[in-house]
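Chain by chain, the residues:
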Amino acid sequence: MNSSLRWKVVLAFVLVFLAGIACGFFGAARGGLGLMYRPHSGSIAEHMRKRLETALNLTPEQVRQISPIIESASAQLEAKREQTGREVRQIFEQAHSEIEPFLTAEQRAKLEKMEQRHRRMPRRHGLMPPPPP
């Protein structure tokens, strides 16, 4: 890969990354943080249960019978959400470490501030626990 093509690829990657940040920012601002940072502690199972009960007009006996299935599905969904969040963080961390060599010292400092703001945002609103040590 020649130098010119390499810079074009890096520039394209950075532009896509910045476009993603802008979409996330404006989407969160427009939707009041929307689905992205909704609290999940036990609410998935309750939401599923109420939705099925209402939509299917379930009897109390049917609700009791399907509750273990809903609890299991809810636990699996929560585990998948946490796993996906960790994977997304790792992808961003790797991308940032690959981008850094191409940045000036001032740009690196700005990138670090962006990362710090991003890490604090969900916790600042009390919606996500801190990342594991």
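Residues numbered from 1 in each chain as written. Predicted model: local features only at pLDDT ≥ 70, side-chain atom pairs only at ≥ 80, totals over all residues. Heavy atoms only, no water.

**Student:** Residue-level account of unusual backbone geometry, with values.
**Tutor:** Even without being a glycine, N57 presents a positive backbone phi close to 55°. Locating N57 in the fold gives a position in the loop between α2 (43-56) and α3 (60-99). (Helix = DSSP H or I, 4+ residues; strand = E, 2+ residues; numbered from the N terminus.)

**Student:** So what about the pattern of salt bridges? Which residues, and what values?
**Tutor:** Tallied over the full model, the rule gives five salt bridges. A salt bridge links R64 to E61; the nearest nitrogen and oxygen atoms lie 2.4 Å apart. Remark: E61 and R64 occur in helix α3; sequence separation between them is three residues, near one turn of the helix. According to the relative accessible area criterion, R64 is exposed, its value standing at 51%. Residue E61 is classed as partly exposed on the basis of its relative accessible area of 39%. With a shortest N-O distance of 2.6 Å, R81 and E78 are connected by a salt bridge. Residue R81 and its partner E78 are both found in helix α3; the two are separated by three residues, about one turn of the helix. Overall, R81 belongs to the partly exposed group, its relative accessible area being 32%. (Salt bridge = Lys/Arg side-chain N within 4 Å of Asp/Glu carboxyl O. Buried < 20%, exposed > 50% of the residue type's maximum accessible area, 1.4 Å probe, protein only.)

**Student:** Which residues make up the packing of aromatic side chains, and what values go with them?
**Tutor:** Under the definition given, this model contains two aromatic pairs. Here W7 and F102 contribute two aromatic rings whose centre-to-centre distance is 5.1 Å and whose plane-to-plane angle is 75°, an arrangement assigned as edge-to-face. Here W7, found in helix α1 (residues 3-30), pairs with F102, found in the loop between α3 and α4 (105-124); they are 95 residues apart in sequence, far enough to count as distant. Residue class for W7 comes out partly exposed when judged on its relative accessible area of 47%. By relative accessible area, which is 28% here, F102 ends up partly exposed. (Phe/Tyr/Trp six-rings, centres within 6.5 Å; stacked < 30°, edge-to-face > 60°.)

**Student:** So, a nonpolar patch on the surface: which residues are in play, and what are the values?
**Tutor:** A cluster of nonpolar side chains, L11, L15, L18 and I21, forms an exposed patch at the surface whose accessible area comes to about 350 Å². Residue placement: L11 occurs in helix α1. (Patch = residues over 30% accessible without salt bridge, like charges linked within 9 Å, V, L, I, M, F, W, Y side chains within 5 Å. Areas by Shrake-Rupley, 256 points an atom, 1.4 Å probe, with all protein chains shown as cover.)

**Student:** With reference to specific residues and values, describe the layout of surface pockets.
**Tutor:** Each pocket or cavity is described by its volume, and for the second largest pocket that value is around 270 Å³. What lines the second largest pocket is a set of 14 residues, among which V14, L18, I99, L103 and Q107 lie closest to the centre. Only α1, α3 and α4 provide two or more residues apiece to the lining of the second largest pocket. Among the elements that line the lining of the second largest pocket, the one with the most residues is α1, at six residues. The class makeup of the residues in the lining of the second largest pocket is 11 nonpolar, two polar and one charged. (1 Å grid on protein atoms, 1.4 Å probe; cavity = no way out; pocket = protein on both sides within 12 Å on 5 of 7 lines; lining within 4 Å. Points joined across faces, edges and corners; volume = space filled by probe spheres on them. Nonpolar A, V, L, I, M, F, W, Y, C, P; charged D, E, K, R; others polar.)

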